[in-house]
Amino acid sequence: MIKEYRADLINGKVPEKKPIDYFYKKSLKDINIKSLHNVYDKIVSETELNPNLEKVFDYLKKEQKMDKIPLFVLSLNTNTIIEKFYQKNIDFFKKHNVEIVGIIGNQIKTDENNNIIDIYEHVTDENKKDYIPAQSIMLADSRETRSLAEKNINVINIQEEKFRYDILNLSLKAHELYIDINGIEYKNEKQQKFLENIKFESIKKLKDIKTKHEDNQDIDLLISQYLTFYEESSRLIIELLKKTSL
Amino acid sequence: MNKLTAKEKAQWKKVLKSFTAFKDALVELGNNWPQIRKEVAEAEKNKKPDDFYAGIS
């Protein structure tokens, strides 16, 4: 299955079959739920943490002065395997003061003899965005970054060489901007629309940058457009601070 | 004209500051983009079959 899946990726195709279907619906089918723990233990023992995760946590601590990092895990896997993986790496998470604030995963479906027959897919690639808490930053892999970015999720690809501190920094700055905009007590509809426009343009720019990064394309035009928008908008804010022009 | 209160002024100043920080981060990213593209392209070129992630995320 992995060979077929990788062959599609190597050839630049979108794989027809999803790994979740193969693993949970085919490989595990008819296995007793009691044996599942052994399967999970074997997988977890052979799975390493993504080293870029440590880079993100270090950056948040040093550059953003975050003492405690709340982590919400959203996965197409089951909660059980996520918890096992967390327990295996608990020293790492403690060292970085990472607190798991929630896990949402999928659920195994068994028959009356406790044999696995299927998986309840609460979380799917299509609805994943609906579970992401507002204003959070999503750490993702290459498989899902593009589709999440297109849905305006503040997503960062942390897979191998795709992870970049510059993009993490931009995502964090966008996050701070949204919070500050939401904190404004605007006086009229004009101000409200003005603020919504800053948010809209920034979200759009972030989305476009991330899509370009996935495609490894140029961003010069995107930046120059935003600089024009920034010059005009910041001038209006400065005027408002001086004489209430908005 | 509605004059801004001190509290409102502080809120707008905060927005201007974070708006500028976002713009600066964007410009910095733009400056580093050619190098980022080069490194990503190089890494993609040297990818072996096993480097293609086939897990469930």
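Residues numbered from 1 in each chain as written. Chains lettered and ligands numbered in written order. Predicted model: local features only at pLDDT ≥ 70, side-chain atom pairs only at ≥ 80, totals over all residues.

Quick look at the overall build of chain B
Step number 1: Helices and strands together make up the secondary structure of chain B, namely one helix and zero strands.
Step number 2: By the compact-globule yardstick of 10 Å for 57 residues, chain B is too spread out, its C-alpha radius of gyration being 22 Å.
Step number 3: If you line up chain B on its principal axes, its C-alpha atoms span 65 × 30 × 15 Å.
Step number 4: Taken across its 57 residues, chain B has 18% of its residues classed as buried. (Helix = DSSP H or I, 4+ residues; strand = E, 2+ residues; numbered from the N terminus. Rg over C-alpha atoms; globule rule 2.2 N^0.38 Å. Buried ≥ 20, exposed ≤ 12 C-beta atoms within 10 Å, placed from the backbone.)

Looking at the sheet that holds strand E1 (residues 69–78) of chain A
All names here are of chain A.
Step number 1: Taken in spatial order, the three strands line up as E1-E2-E3 in an open sheet, and their pairing is mixed. Edge positions in the open sheet fall to E1 and strand E3 (116–120), since each of these has one partner strand only. The sheet shows a mean angle of 30° between the axes of neighbouring strands, direction not considered.
Step number 2: In terms of strand pairing, E1 meets strand E2 (residues 98–110) through seven bridges, oriented parallel. For Val73, the partnering residue across the bridge sits in E2 and is Ile103. (Pairing = 2+ DSSP bridges. Axes fitted to C-alpha atoms, helices over the stretch in contact; angles between N-to-C directions.)

Some points on the environment of Asn50(A)
Residues and elements named next belong to chain A.
Step number 1: Its location among the elements puts Asn50 in the loop between helix H3 (33–45) and helix H4 (51–62).
Step number 2: Residue class for Asn50 comes out partly exposed when judged on the 16 C-beta atoms lying within 10 Å of it.
Step number 3: Sequence separation of Asn50 and Ile158 is 108 residues, and the distance between their C-alpha atoms is 8.1 Å.

With respect to the nonpolar core
Step number 1: Membership of the largest hydrophobic core comes to 32 residues, with the highest contact counts inside it found for Met138(A), Val155(A), Ile156(A) and Leu170(A).
Step number 2: Contributions of two or more residues to this core are made by strand E4 (138–140), helix H8 (142–150), strand E5 (155–157), helix H9 (165–182), helix H10 (189–215) and helix H11 (220–243) of chain A together with helix H1 (6–45) of chain B.
Step number 3: Broken down by element, this core gets its largest block of residues, eight residues, from H1(B).
Step number 4: The contact partners of Val155(A), leaving out residues within four places of it in the chain, are Met138(A), Ala140(A), Thr145(A), Leu148(A), Ala149(A) and Lys210(A). (Core = buried A, V, L, I, M, F, W, Y, C linked by C-beta atoms within 7 Å. Contact = placed C-beta atoms within 7 Å.)

Some details on the interface of chain A and chain B
Step number 1: If you look at the interface, chain A gives 49 residues, while chain B gives 39 residues.
Step number 2: Listed by contribution, the elements that provide at least two residues to the side of chain A that touches chain B are helix H1 (2–10), helix H2 (19–27), E1, H8, H9, H10 and H11 of chain A.
Step number 3: Of the residues forming the side of chain A that touches chain B, the biggest block, ten residues, is contributed by H9(A).
Step number 4: Looking at side-chain class alone, the side of chain A that touches chain B contains 23 nonpolar, ten polar and 16 charged residues. (Nonpolar A, V, L, I, M, F, W, Y, C, P; charged D, E, K, R; others polar.)

A few points about unusual backbone geometry
All names here are of chain A.
Step number 1: The phi dihedral of Gln135 falls on the positive side, at around 65°, and the residue is not glycine.
Step number 2: By the secondary structure assignment, Gln135 is in the loop between helix H7 (128–131) and E4.
Step number 3: Under the C-beta neighbour-count criterion, Gln135 is labelled exposed, with 12 such atoms within 10 Å.

Some remarks on H10(A)
Step number 1: Helix length check: H10(A) (27 residues) gives 39 Å between terminal C-alpha atoms against 39 Å at 1.5 Å per residue, within 8%.
Step number 2: The set of residues buried in H10(A) consists of Leu195(A), Ile198(A), Ser202(A), Lys205(A), Leu206(A), Ile209(A), Lys210(A) and His213(A).
Step number 3: Against H8, E5, H9 and H11 of chain A together with H1 of chain B lie the buried residues of H10(A).
Step number 4: Asn216(A) occupies a position one or two residues after H10(A) and carries a positive phi of about 55°. (Expected span 1.5 Å × (residues − 1).)

Brief notes about the confidence of the model for chain B
Step number 1: Averaged over all residues, the pLDDT of chain B equals 90, while 96% of them reach at least 70.
Step number 2: At the level of chain-chain contacts, confidence expressed as ipTM amounts to 0.92, with global pTM at 0.90. (pLDDT = per-residue confidence, 0-100.)

Quick notes on the packing of H11(A) against H1(B)
Step number 1: The interhelical angle for the contact between H11(A) and H1(B), taken along N-to-C directions, is 160°, at an axis separation of 10 Å. As summarised for this structure, H11(A) and H1(B) are arranged roughly antiparallel, according to the angle between their axes. H1(B) is crossed by H11(A), and the crossing has left-handed handedness. Contact residues: Asp220(A), Ile223(A), Tyr226(A), Leu227(A), Tyr230(A), Ser234(A), Ile237(A), Leu240(A) and Leu241(A) in H11(A); Lys9(B), Trp12(B), Lys13(B), Val15(B), Leu16(B), Phe19(B), Thr20(B), Lys23(B), Leu26(B), Val27(B) and Gly30(B) in H1(B).
Step number 2: Per-class residue counts for the contact of H11(A) with H1(B) are 13 nonpolar, three polar and four charged. (Parallel < 35°, antiparallel > 145°, perpendicular 65-115°, else oblique. Left-handed = near helix turned anticlockwise from the far one by under 90°.)

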